[in-house]
Amino acid sequence: MDLYCVMGNPVAHSRSPWIHARFAELTGQTLAYGRRQIALDGFADGLVAFRADPEGTARGCNVTVPFKFDAGAVAQHVSPRAALAQAVNTLSFREDGVHGDNTDGAGLVNDIQRNAGVAIAGSDVLLIGAGGAAAGVIGPLLDAGARRIVLANRTLAKAVALVRRHAALALAHGAVIEAHELHTVPGDFDIVVNATASSLAGAAVPVAAGVLRPGALAVDMMYGPAAAGFMDWARAHGAVPRDGLGMLVEQAAESFAIWRGVRPPSAQVLAELRAQLDG
Ligand code: ATR
């Protein structure tokens, strides 16, 4: 049996095992996908234990908070997009070693374009936050053709560092990327993405509603109650709110495609998961 899992801490509420089991069912792939709670200082040991699992052959794993940096350190081969994000969420165990990739940005891009039906090419994007979640999506947004990306963060220096890291890629695409403080964001945007933990902390949305163009798409990377504050704010100001459930399913689909060479029917699985969570 080919084995996969999600490694994290905490990991008990992860939807990944259900999502990947459903992908496998719908594509006729035979595999088992579990979850492994890893000690905070024990990522490498956790990986060794998974690869020694007598139930089958470990082929790969997803890596979630707080191990995306550790996962990059154990990979012998790191994809360009993971190197740019400085984070790995997908490991593949192959004959020539451990490969690390980051599918979070592709997940967001695919959710925005395929599921929400909004084109990124030529668009102006505001990304709120400059932590790990934000870092993972900038490269793929540029690759998808965003015309301008503004990073707004409470701590300006972190946004500036991300702009510097992505400056060459932006230049190559003829795009503009800039950093601002939360209350000095200039202009308005077609797509606004909340990559902060502000809703989780119960804090108000940290930017002025003027950033939303009429009918803008406003995506929170979280889902469930953690996304509610941002989505209510977006709806109240004439934007189209969207939670992070689609991004979750689409990043999983990208990982599944890397491992199995088959693209699962992600829109169907997203609809099923949403029905499950709403029900
Ligand atoms: P993640 O990996 O989920 O991105 P992180 O690296 O801790 O987590 O980053 C959290 C992000 O949310 C940061 O951009 C943080 O701002 P700072 O860089 O200034 O810390 C942002 N954030 C968290 N709580 C916030 C709040 N109440 N208001 C505004 N921004 C907040």
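The structure under discussion appears in the preceding block.
Residues numbered from 1 in each chain as written. Predicted model: local features only at pLDDT ≥ 70, side-chain atom pairs only at ≥ 80, totals over all residues. Heavy atoms only, no water.

With respect to the overall build of the protein
For step 1, the next point in the chain: When helices and strands are counted, the protein shows 10 helices and 12 strands.
For step 2, the next point in the chain: In summary, the protein has a C-alpha radius of gyration of 18 Å against a globular reference of 19 Å for 279 residues, a match within 12%.
For step 3, the next point in the chain: Put simply, of all contacts in the protein between residues at least 6 apart along the chain, 69% involve residues at least 24 apart.
For step 4, the next point in the chain: Summing over all exposed atoms, the protein offers an accessible surface of approximately 11,900 Å²; the carbon and sulfur share of this is 55%.
For step 5, the next point in the chain: When the 22 positive and 25 negative side-chain charges of the protein are each reduced to one mean point, those points stand 2 Å apart. (Helix = DSSP H or I, 4+ residues; strand = E, 2+ residues; numbered from the N terminus. Rg over C-alpha atoms; globule rule 2.2 N^0.38 Å. Contact = heavy atoms within 4.5 Å. Areas by Shrake-Rupley, 256 points an atom, 1.4 Å probe, with all protein chains shown as cover. Lys, Arg positive; Asp, Glu negative; His and termini not counted. Charge placed at Lys NZ, Arg CZ, Asp CG, Glu CD.)

As for the packing of aromatic side chains
For step 1, the next point in the chain: What the rule picks out here adds up to 6 aromatic pairs.
For step 2, the next point in the chain: A ring pair is formed by Phe230 and Trp233, whose centres lie 5.4 Å apart and whose planes are at 35°; its orientation type is tilted. In this pair, Phe230 and Trp233 both sit in helix α8 (residues 225–236), 3 residues apart, roughly one turn of the helix.
For step 3, the next point in the chain: You can call Trp233 buried: its relative accessible area is 13%.
For step 4, the next point in the chain: Grouping aromatic residues by their ring pairs yields a cluster made of Tyr4, Tyr33 and Trp259.
For step 5, the next point in the chain: The aromatic ring of Phe93 is capped on one face by Arg51, whose charged end is 4.1 Å from the ring centroid. (Phe/Tyr/Trp six-rings, centres within 6.5 Å; stacked < 30°, edge-to-face > 60°. Buried < 20%, exposed > 50% of the residue type's maximum accessible area, 1.4 Å probe, protein only. Lys NZ or Arg CZ within 6 Å of the ring centre and 35° of its normal.)

Considering the nonpolar core
For step 1, the next point in the chain: If you look at the biggest cluster of nonpolar residues, it comprises 30 residues, and the most contacted ones within it are Leu108, Leu127 and Ile149.
For step 2, the next point in the chain: Residue assignment for this core shows that the elements contributing at least two residues are α5 (104–115), β7 (124–128), α6 (132–143), β8 (148–153), α7 (156–173), β10 (189–194) and β11 (212–220).
For step 3, the next point in the chain: Among the elements that take part in this core, α6 stands out by supplying 6 residues, more than any other.
For step 4, the next point in the chain: Residue contacts for Leu108: discarding those within four places in its chain leaves Val137, Leu141, Val193, Val219, Met221 and Met247. (Core = buried A, V, L, I, M, F, W, Y, C linked by side-chain atoms within 4.5 Å.)

Quick notes on α8
For step 1, the next point in the chain: The end-to-end C-alpha distance of α8 is 17 Å, a good match for the 16 Å that 12 residues give at a rise of 1.5 Å each.
For step 2, the next point in the chain: Residues of α8 that are buried: Ala226, Ala227, Phe230, Met231, Trp233 and Ala234. Here the buried residues of α8 occupy an arc of 155° about the axis, which is enough to place them on one side. Facing away from the buried side of α8, by more than 90 degrees, are the exposed residues Pro225 and Ala236.
For step 3, the next point in the chain: Where α8 is buried, its residues contact β7, β10, β11 and β12 (240–242). (Expected span 1.5 Å × (residues − 1). Arc of directions from axis to C-beta.)

Focus on the site of the ligand
For step 1, the next point in the chain: Near the ligand, the surroundings consist of 13 residues, among which Ala130, Ala133, Asn153, Thr155 and Lys158 are the closest.
For step 2, the next point in the chain: In this structure, an oxygen atom belonging to the ligand sits 2.5 Å away from a side-chain N or O atom of Thr155.
For step 3, the next point in the chain: Residue composition of the shell around the ligand, by class: 4 nonpolar, 7 polar and 2 charged. (Near = heavy atom within 4 Å. Polar contact = N/O pair within 3.5 Å; in protein donor to acceptor, adjacent residues only side chain to side chain. Nonpolar A, V, L, I, M, F, W, Y, C, P; charged D, E, K, R; others polar.)

Description of the packing of α5 against α6
For any two helices packed against each other, one specifies the inter-axial angle together with the distance between the axes.
For step 1, the next point in the chain: For the pair α5 and α6, interaxial distance at closest approach is 7 Å and the crossing angle is 55°. As summarised for this structure, α5 and α6 are arranged oblique, according to the angle between their axes. When the axes of α5 and α6 are compared, the crossing they make is right-handed. Taking contact as the criterion, the partners of Asp104, Gly105, Ala106, Leu108 and Val109 in α5 are, on α6, Gly136, Val137, Pro140 and Leu141. (Axes fitted to C-alpha atoms, helices over the stretch in contact; angles between N-to-C directions. Parallel < 35°, antiparallel > 145°, perpendicular 65-115°, else oblique. Left-handed = near helix turned anticlockwise from the far one by under 90°.)

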